[in-house]
Protein chains: 2
Amino acid sequence: MAEEVTRIMIGVNESSLKGYPNPSISSKGAFEWTINKIIRNNVSAFNLLFLHVQVPDEDGYEDMDSIYASNEDFKNMKQKERVRGTHLLEYFVNRCNEIGVPCQAWIKEGDPKDVILNEVKRIRPDLLVVGCRGLGPFQKVFVGTVSEFCWKHAECPVMTIKRNADETPRDPVDD
Amino acid sequence: MAEEVTRIMIGVNESSLKGYPNPSISSKGAFEWTINKIIRNNVSAFNLLFLHVQVPDEDGYEDMDSIYASNEDFKNMKQKERVRGTHLLEYFVNRCNEIGVPCQAWIKEGDPKDVILNEVKRIRPDLLVVGCRGLGPFQKVFVGTVSEFCWKHAECPVMTIKRNADETPRDPVDD
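Residues numbered from 1 in each chain as written. Chains lettered and ligands numbered in written order. Predicted model: local features only at pLDDT ≥ 70, side-chain atom pairs only at ≥ 80, totals over all residues. Heavy atoms only, no water.

Comments concerning the relation of the copies chain B and chain A
Reasoning step 1: With an RMSD of 0.0 Å, the fit of chain B onto chain A corresponds to turning through 180 degrees and sliding 0.0 Å along the axis. In symmetry terms, the pair is related by a two-fold rotation axis. It is Met-159 of chain B whose C-alpha, among those of chain B, lies nearest the rotation axis, at 2.1 Å.
Reasoning step 2: The residues that chain B uses at the interface reappear at the interface of chain A in 100% of cases, marking a shared surface. (Least-squares fit on C-alpha atoms with pLDDT ≥ 70 in both. Contact = heavy atoms within 4.5 Å.)

Rendered as structure tokens:
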């Protein structure tokens, strides 16, 4: 049977309701599910690779001041954003350390769809795990689901884990 | 950590090139991948549930005689088809016995998409695994992929495993 560890890449993002460093409901759900149902007690046979994608467009507009900011201010802001992303990843890394699953985590900038596919090409994980909100077709038109794109195009097996119905926020586009 | 075994349902079908009892390339690939990358040596923590769907429309037309067959002949033919399906499932069950993974296997009749979703509702597996041919959009229009439908609608996490590029037959719609 397989000698090498199974490398599972998980795309994670921040909560749209609580912001950094809180993970989104679907990221957290996908992670916990993978631990409980796939890895179980076989912790040394797996390696979890957490990828968090920061969307650069959102950096500039988050507070209005930034539009008039100097280069230096902009750099500081990026730095701050990066630090907040690191705190998000800490959540997952700490959980892995508690459980004893080896892991790595990193941040990339760009369109989540493209970045995830590129990182799959680069890292060649055995499996890509993505949480999804389980939106209806009408809601999907407005948010363009990353999970569907990854499912179609990723060059490795893909596991999608829908958010539990009882964890869906009032506005299901939130996460 | 989880005490109950992880129940993985795998949809399997016969080879379109070699017929029964040979599994399709994508079914076999999805199964072997699940064993090697997910279950690994942790065999007692998992339970594999093999579902094979037989499409009733194809029964009647497989050989021309059947169109004029009596009720009795038709019943016998169905019986034969059922036996061939059982031989397909034997392939997977035997592999599981070799490896030591507990499993169950059964046959249902109907449209694979509907049957798989209904069986997910009835059986409530932790995970549904489906192999897929990895067709391009043009080829997909003609064959209507079961994997995409299941991915969208199944009430449990879904893992799709594309066929290896080097195992693709001359006509990629074959499997």
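Thoughts on the pattern of salt bridges
Residue and element names in this part refer to chain B.
Reasoning step 1: Here the structure, examined in full by the defined rule, presents 22 salt bridges over all chains.
Reasoning step 2: When the shortest N-O distance is used, the salt bridge between Arg-84 and Glu-81 registers 2.9 Å. Residue Arg-84 and its partner Glu-81 are located together in helix H3 (residues 71-99), separated by 3 residues, close to a single helical turn.
Reasoning step 3: Accessibility expressed as a relative area gives 33% for Arg-84, which makes it partly exposed.
Reasoning step 4: Measuring nitrogen to oxygen at the nearest pair gives 2.7 Å for the salt bridge that ties Arg-122 to Glu-119. (Salt bridge = Lys/Arg side-chain N within 4 Å of Asp/Glu carboxyl O. Helix = DSSP H or I, 4+ residues; strand = E, 2+ residues; numbered from the N terminus. Buried < 20%, exposed > 50% of the residue type's maximum accessible area, 1.4 Å probe, protein only.)

Some points on the nonpolar core
Reasoning step 1: If you look at the biggest cluster of nonpolar residues, it comprises 52 residues, and the most contacted ones within it are Leu-48, Phe-50 and Met-159 of chain A together with Leu-48, Phe-50 and Met-159 of chain B.
Reasoning step 2: Once residues within four sequence positions are removed from consideration, Met-159 of chain A is found in contact with Trp-33, Thr-34, Ile-38, Leu-127, Leu-128, Val-129 and Val-130 of chain A together with Leu-127, Val-158 and Met-159 of chain B.
Reasoning step 3: Residues Leu-51, Trp-106, Val-120 and Cys-156 of chain A belong to the second largest nonpolar core, which totals 34 residues. (Core = buried A, V, L, I, M, F, W, Y, C linked by side-chain atoms within 4.5 Å.)

Examining the sheet that holds strand E4 (residues 46-54) of chain A
Reasoning step 1: In space, the 10 strands of this open sheet follow the order E5(A)-E4(A)-E1(A)-E6(A)-E7(A)-E7(B)-E6(B)-E1(B)-E4(B)-E5(B), with mixed pairing throughout. Since the sheet does not close on itself, it has two edges, and those belong to strand E5 (103-109) of chain A together with strand E5 (103-109) of chain B, each with one partner. The sheet shows a mean angle of 20 degrees between the axes of neighbouring strands, direction not considered.
Reasoning step 2: Sheet topology places strand E6 (residues 127-132) of chain B next to strand E7 (residues 158-162) of chain B; 5 bridges connect them, and they run parallel. Within E7 of chain B, the position partnered with Leu-128 of chain B by the bridge is Val-158 of chain B.
Reasoning step 3: Each of strand E1 (6-12), E4 and strand E6 (127-132) of chain A together with strand E1 (6-12), strand E4 (46-54), E6 and E7 of chain B touches helix H1 (residues 25-39) of chain B; the most contacted strand, E4 of chain B, lies at about 170 degrees to it.
Reasoning step 4: Across the sheet, H3 of chain B is in contact with E1, E4 and E5 of chain B; its angle to E5 of chain B comes to roughly 155 degrees. (Pairing = 2+ DSSP bridges. Axes fitted to C-alpha atoms, helices over the stretch in contact; angles between N-to-C directions.)

Looking at the packing of aromatic side chains
Residues and elements named next belong to chain A.
Reasoning step 1: Evaluation of the coordinates by the stated rule reveals 9 aromatic pairs over all chains.
Reasoning step 2: Within the aromatic cluster, the residues linked to one another by ring pairs are Phe-31, Phe-50, Tyr-91 and Phe-92.
Reasoning step 3: A cation sits over an aromatic face here: Lys-113 above Phe-149, 5.9 Å from the ring centre. (Phe/Tyr/Trp six-rings, centres within 6.5 Å; stacked < 30°, edge-to-face > 60°. Lys NZ or Arg CZ within 6 Å of the ring centre and 35° of its normal.)

Considering the interface of chain B and chain A
Reasoning step 1: Residue-level contacts link 31 residues of chain B with 31 residues of chain A.
Reasoning step 2: Of the roughly 2,900 Å² buried between chain B and chain A on both sides combined, carbon and sulfur atoms contribute 53%.
Reasoning step 3: Summed over the shared surface of chain B and chain A, the result is 4 salt bridges.
Reasoning step 4: Here Glu-148 of chain A and Lys-152 of chain B are joined by a salt bridge, their closest N and O atoms 3.5 Å apart. (Buried area = accessible area lost by both parts, 1.4 Å probe.)

Concerning the pairing of E1 of chain A
All names here are of chain A.
Reasoning step 1: Burial runs high along E1: 6 of the 7 residues are buried.
Reasoning step 2: Sheet topology places E1 next to E4; 7 bridges connect them, and they run parallel. Within E4, the residue paired with Met-9 across the bridge is Leu-49.
Reasoning step 3: Sheet topology places E1 next to E6; 4 bridges connect them, and they run parallel. In the strand pairing of E6, Ile-10 is matched with Val-129.

Description of H1 of chain B
Residue and element names in this part refer to chain B.
Reasoning step 1: The first and last C-alpha atoms of H1 sit 20 Å apart over 15 residues, in line with the 21 Å expected at 1.5 Å per residue.
Reasoning step 2: Within H1, the full set of buried residues consists of Ser-26, Ser-27, Ala-30, Phe-31, Glu-32, Trp-33, Thr-34, Ile-35, Lys-37, Ile-38 and Ile-39.
Reasoning step 3: Looking one or two residues past H1, Arg-40 carries a phi angle of roughly 50 degrees, positive in sign. (Expected span 1.5 Å × (residues − 1).)

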